[in-house]
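Read off the chains here:
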Amino acid sequence: MANNTENNLISMLTLSEKAALQTGKDCWHTADVERLKISSVTVADGPIGLRKERNGNTVPAVCFPSMAKLACGFDPTLMTKVGAALGEQCRAEGVNILLAPGVNIKRNPRCGRNFEYLSEDPLLTADLANAYIAGIHSQGVGVCVKHFAANSQEYGRMVCDSVVDDRALREIYLNAFERIVKKSRPEMVMCSYNKLNGEYCSQHKWLLTDVLRNEWGFGGLVVSDWCAVDDRAKGIAAGLDLEMPKGDASVVEQAVNNGKLEEAQLDVAVERVLELEKQYREVSPRTVDLNAQRVLARQASAECTVLVKNNCKLLPLSKTDKIAVFGTLADKPVYQGDGSAHVNAFESDSLLEALKTANIQFTFAQGYGSSDETDESLLEEARRAALNCDKAIVVVGDKPDCEGWDRTRWTLPPSQLALIDAVTSCNSNVVIVLQSGSSVDVSFVHSAKAMLIDYYGGECSGQAIFDVLFGDVSPSGRLAETWYAYLPKYDAKFSQDYARALYNESIFVGYRYTAAANVPVAFPFGYGLGYGDIEWNNPTISSKDAKDKSKITVGITLRNTGNRAECEVVQVYATNVDSRLFHEKKRLVGFVKVKLKAGEKKTVDVVVPTSELAYYDVNKSCFTVNGGRYIFTIGKDSADDKYQLEYEVKGDNDTVDLSDKLPCYYAVDDDFDPSNEEFLALYGKELAERSATVHISTPLNDIGKSLTAKIFTQLITRNMSPEGKRNTLAAPLRSLVSDNLSKEMLYTIIDMLNGDVIKNLFKLYKQYINCRKTKKLKEKSKKEGD
Ligand code: BGC
């Protein structure tokens, strides 16, 4: 709530000033009011390096590994260090709020933004995000947790309705947000583009006010994703305080004047903007220690690399081995994804450069070109090099993933598969290094002795992979997402419908699905090897303090039997065997990363609050912990069942048995693919109707078949690639406004699409002429400015 100062300020503001404050000043600043000394708050993108724009260019910043890779560290301490480095970057550039972290759950490996997100598991996501936020906060910089909520696909992202049942929503998709809001008290939460259960998140009162503020106690500011606003007045009433970037303030003024929005509701939004502004009024700049940042970027990337196979201890390599390197990506790595998270990196390196710097002798064969097609002459050259070396390093990976685009395939390009085939058929000592935004089909792994998953390794990725390949660092990454052997059947529906995404699989996401269905995976969630050997012994479980029944302690004794320091990640999973409600067979309830010196022995305790066992009771609308028998698995990954311990939680077990009504959720197996009807029985609500009238948020696909619709669609999508066209057809009309299509023209076209063609033709023509004039003036003044 606002204090007196804000109340005083509010009373001094005119309605149009208030309306101006609830939207941005431009792309990266909140509005200011000079006469009242209200200044702007500056925001900029992250999450792995600052993306601050200055004079139309992005200022350089150290680019850390992608969030997908950092998550593999399972290491909150490392996340705090990276967060602090990003905070430092912000302070140096006068940025008050970093638009990060993105904490959406990876529902599907083909989502185009997975590289920006942490994990498929909410506990891991939240623990790592909280640590990262602590680092940013330590520098006096604020955070903006995004994208709230259930934003799991890029196709149709600005119109798509994510339809999620209450349990999956609470246990999976809202869960990480809840933990972060409660623990880290973020300054901002960014609502997502999509709809959730029938309503745009940017105007979803239940989401933004009832849950976020009233239930979880969020006290910060809710901002829209960039251009995510459908109905601004409705958004303000629902709890969306700030629209970004600059919107049309007069719409809000009018809404107040004509009674559609109460001024008091606008005041609440404005108060929150003022509260934020007050926090960042006086921030002194700090300098960035570039060297220290690059050392950290290299260390983080090396440590978070995941060693998934190492037969005959092929790795680490020796610096005197006769080495050949294959693949263009060894020279020009994909070290980050594209879109708003793209960093103008200071100096990116490569594996080839790292080898040269270390004076390692090697040969190099390119292996594949930039196209997907195999190139026989490059393959022939690769075969010759493979026959002529002791150890072969093959670097592969697809084009960078990009915001706005889901992947259309889950496999590597044929040209790269052919290279793996060529090299492994000529040499038996092959290590594959895979650069990828998220999981891909790795069925080729059987042909190589070793494989490292690099994800996107940041600007020091070359040095980092070098450190791992030659054993300067023992990799201690663990996969923060499932690497499937084959995609779940339910995956076939992913990213097919731009208008509606039914989350039919409910809570069975990632390892929750593979463990329940008992299907083989390529590499399970939580999996990763090191170079040494660690013995596990003596698992224990207790509620240590007999009086404190709110915590369960799961212990294990580790001994490093090797001759080098190693890290291990102890993971604890739980399941309630007595529950009559459908449930997962494994749920991560705690983890600890441990460092062990050579020969060292340690007993590790993982403390699990009983609240981690809770499921969401849809009848009581709250989380509940059932009494009954639980199986706790303490292991190296989600598929490691060596140590299982039973534990009785006192209390009543649930009586809800839905097995007759929802049999498919009780029999999760290889064929698990709930139909829409089965899902709707679980969902229990009506699906929202789609409006027949064309409005600003109607996707181009849905504007009808009239002549106006055909001409307009043709004009917008001409010269586009099939993929570009598919995405544009799934975008709302409001997102098409550009220098060639003014807002006024768009509104007239919408009237025409709704039937008023003749009377609007001349109006459109006049608006078109005006639009061209404005464009020319803009171009002229830009030229003069240059
Ligand atoms: C993205 C956000 C980003 C914003 C500003 C949007 O397109 O979804 O994640 O923070 O742009 O760049």
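The coordinates are above.
An account of the accompanying structure is given in this report. (Residues numbered from 1 in each chain as written. Predicted model: local features only at pLDDT ≥ 70, side-chain atom pairs only at ≥ 80, totals over all residues. Heavy atoms only, no water.)

Another aspect to go through is the overall build of the protein. Counting secondary structure elements, the protein contains 22 helices and 28 strands. Taken over C-alpha atoms, the radius of gyration comes to 27 Å for the protein, in line with the 28 Å a tight globule of 786 residues would show. In terms of overall dimensions, the protein has C-alpha extents of about 80 × 70 × 55 Å along its principal axes. By residue count, 59% of the 786 residues in the protein fall in the buried class. For the protein, contacts bridging at least 24 residues in sequence account for 77% of all contacts bridging at least 6. For the protein, the accessible surface area stands at approximately 31500 Å², while carbon and sulfur atoms represent 50% of it. Looking at the protein, you have 94 positive and 105 negative side-chain charges, and the mean spots of the two groups are 2 Å apart. (Helix = DSSP H or I, 4+ residues; strand = E, 2+ residues; numbered from the N terminus. Rg over C-alpha atoms; globule rule 2.2 N^0.38 Å. Buried < 20%, exposed > 50% of the residue type's maximum accessible area, 1.4 Å probe, protein only. Contact = heavy atoms within 4.5 Å. Areas by Shrake-Rupley, 256 points an atom, 1.4 Å probe, with all protein chains shown as cover. Lys, Arg positive; Asp, Glu negative; His and termini not counted. Charge placed at Lys NZ, Arg CZ, Asp CG, Glu CD.)

Attention now moves to the nonpolar core. Residues Y132, F148, Y173, F508, Y513 and Y665 are the most contacted members of the largest nonpolar core, which totals 100 residues. Broken down by element, this core gets its largest block of residues, 9 residues, from helix α5 (residues 122-138). Ignoring anything within four residues of it in the chain, the contact list for Y132 reads P47, M67, M79, T80, G83, L86, L98, A100 and P101. With 68 residues, the next largest nonpolar core counts A382, A464, V468 and Y527 among its residues. (Core = buried A, V, L, I, M, F, W, Y, C linked by side-chain atoms within 4.5 Å.)

To continue, consider the sheet that holds strand β7 (residues 188-191). Taken in spatial order, the 5 strands line up as β1-β4-β5-β7-β10 in an open sheet, and their pairing is parallel. Where the open sheet ends on each side, the last strands, each with one partner, are β1 (43-45) and β10 (221-224). Strand after strand, the sheet turns through a mean of 30° between neighbouring axes, direction not considered. Direction of pairing for strand β5 (residues 142-148) relative to β7: parallel, over a ladder of 3 bridges. Each residue of the ladder has a partner; that of F148, found in β7, is C191. Lying over the sheet, helix α7 (residues 175-184) contacts β5 and β7, oriented at roughly 160° with respect to β5. (Pairing = 2+ DSSP bridges. Axes fitted to C-alpha atoms, helices over the stretch in contact; angles between N-to-C directions.)

Looking now at the site of the ligand. Taken together, 14 residues form the shell around the ligand, and within it D45, R113, H147, D225 and E403 come nearest. At a separation of 2.4 Å, an oxygen atom of the ligand approaches a polar side-chain atom of D45. Taking H147, its side chain carries an N or O atom lying 2.7 Å from an oxygen atom of the ligand. Out of a free accessible area of 310 Å², the ligand has 94% covered by protein chains. In the shell around the ligand, the residues fall into 5 nonpolar, 2 polar and 7 charged. (Near = heavy atom within 4 Å. Polar contact = N/O pair within 3.5 Å; in protein donor to acceptor, adjacent residues only side chain to side chain. Nonpolar A, V, L, I, M, F, W, Y, C, P; charged D, E, K, R; others polar.)

Once that is clear, we can look at the pattern of salt bridges. Scanning the entire structure with this criterion turns up 53 salt bridges. With a closest N to O distance of 3.0 Å, R512 and D121 form a salt bridge. Taken together, the positions of R512 in helix α17 (residues 511-517) and D121 in the loop between β4 (97-99) and α5 put the pair 391 residues apart, joining distant regions of the chain. Residue class for D121 comes out buried when judged on its relative accessible area of 0%. The shortest N-O distance in the salt bridge between D210 and K205 comes to 2.9 Å. When its relative accessible area of 25% is taken as the criterion, D210 is described as partly exposed. A relative accessible area of 45% places K205 in the partly exposed class. (Salt bridge = Lys/Arg side-chain N within 4 Å of Asp/Glu carboxyl O.)

The two faces of the sheet receive side chains in turn, since in a regular strand these alternate between them. The two faces of strand β12 (residues 323-326) match: I323 and V325 on one face and A324 and F326 on the other face are all buried. When β12 meets strand β14 (residues 391-396), the two strands line up parallel, connected through 4 bridges. Bridging across to β14, F326 finds its partner in V394. By the bridge criterion, 4 bridges tie β12 to strand β13 (residues 362-365) in an arrangement that is parallel. Each residue of the ladder has a partner; that of V325, found in β13, is F364. Crossover β12 to β13 through helix α13 (residues 351-357) is right-handed. (Right-handed = clockwise from strand over helix to strand, strands pointing away.)

Before going further, it helps to spend a moment on helix α21 (residues 743-753). Residues spaced three or four apart along an α-helix point in a common direction, a consequence of the helix completing one turn every 3.6 residues. Turning to α21, its buried residues are M745, L746, T748, I749, I750, M752 and L753. Its buried side turned inward, α21 meets α19 (707-717) and α22 (758-785). At the exit of α21 stands G755, carrying a positive phi of roughly 120°.

As a further point, take the packing of aromatic side chains. How two aromatic rings sit relative to each other is set out by the distance from centre to centre and by the angle between their planes. Under the definition given, this model contains 25 aromatic pairs. Taking the centre distance of 5.5 Å and the plane angle of 80° together, the rings of F74 and F591 count as edge-to-face. Here F591 lies in strand β23 (residues 588-596) and F74 lies in the loop between α3 (67-71) and α4 (76-92), a separation of 517 residues in the sequence. The class for F591 is buried, based on a relative accessible area of 10%. Relative to Y527, the ring of F523 has its centre 5.6 Å away and its plane inclined at 5°; by these criteria the two rings are stacked. Neither F523 nor Y527 differs from the other in exposure class; each is buried. Among the aromatic residues, ring-to-ring pairing joins Y490, F508, Y513, F582, Y665, Y666 and F672 into one connected group. Above the ring of Y573, the side-chain terminus of K586 is found at 6.0 Å from the ring centroid. Over the ring of Y200 we find R734, and its NZ or CZ is 5.5 Å from the ring centre. (Phe/Tyr/Trp six-rings, centres within 6.5 Å; stacked < 30°, edge-to-face > 60°. Lys NZ or Arg CZ within 6 Å of the ring centre and 35° of its normal.)

For the bond from G46 to P47, the omega torsion is 5°, close enough to zero to count as cis. Summarising the element assignment, P47 is placed in the loop between β1 and β2 (53-54). Cis peptide bonds are those with omega within 30 degrees of zero, and the linkage from F148 to A149 qualifies with 15°. Within the secondary structure, A149 sits in the loop between β5 and β6 (161-163). The phi torsion at K313 lies on the positive side, around 50°, for a residue other than glycine. Take K313: it is sitting in the loop between β11 (306-310) and β12.

Attention shifts here to the side chain of T728. Looking at the element boundaries, T728 is found in helix α20 (residues 722-729). Assessed through its relative accessible area of 16%, T728 is described here as buried. Looking at T728, its side chain comes within polar contact range of the main-chain oxygen of G724, at 2.8 Å. With residues near it in sequence (within four places) discarded, T728 still touches L700, I716, T717, M720 and L736.

Ordered in space as β11-β16-β15-β14-β12-β13, the 6 strands form an open sheet in which the pairing is mixed. Each edge of the open sheet is held by one strand with a lone partner, namely β11 and β13. Pairs of neighbouring strands in the sheet enclose a mean axial angle of 15°, with direction left out of account. Lying on the sheet, helix α14 (residues 376-387) is in contact with β12 and β13; it crosses β13 at an angle near 160°.

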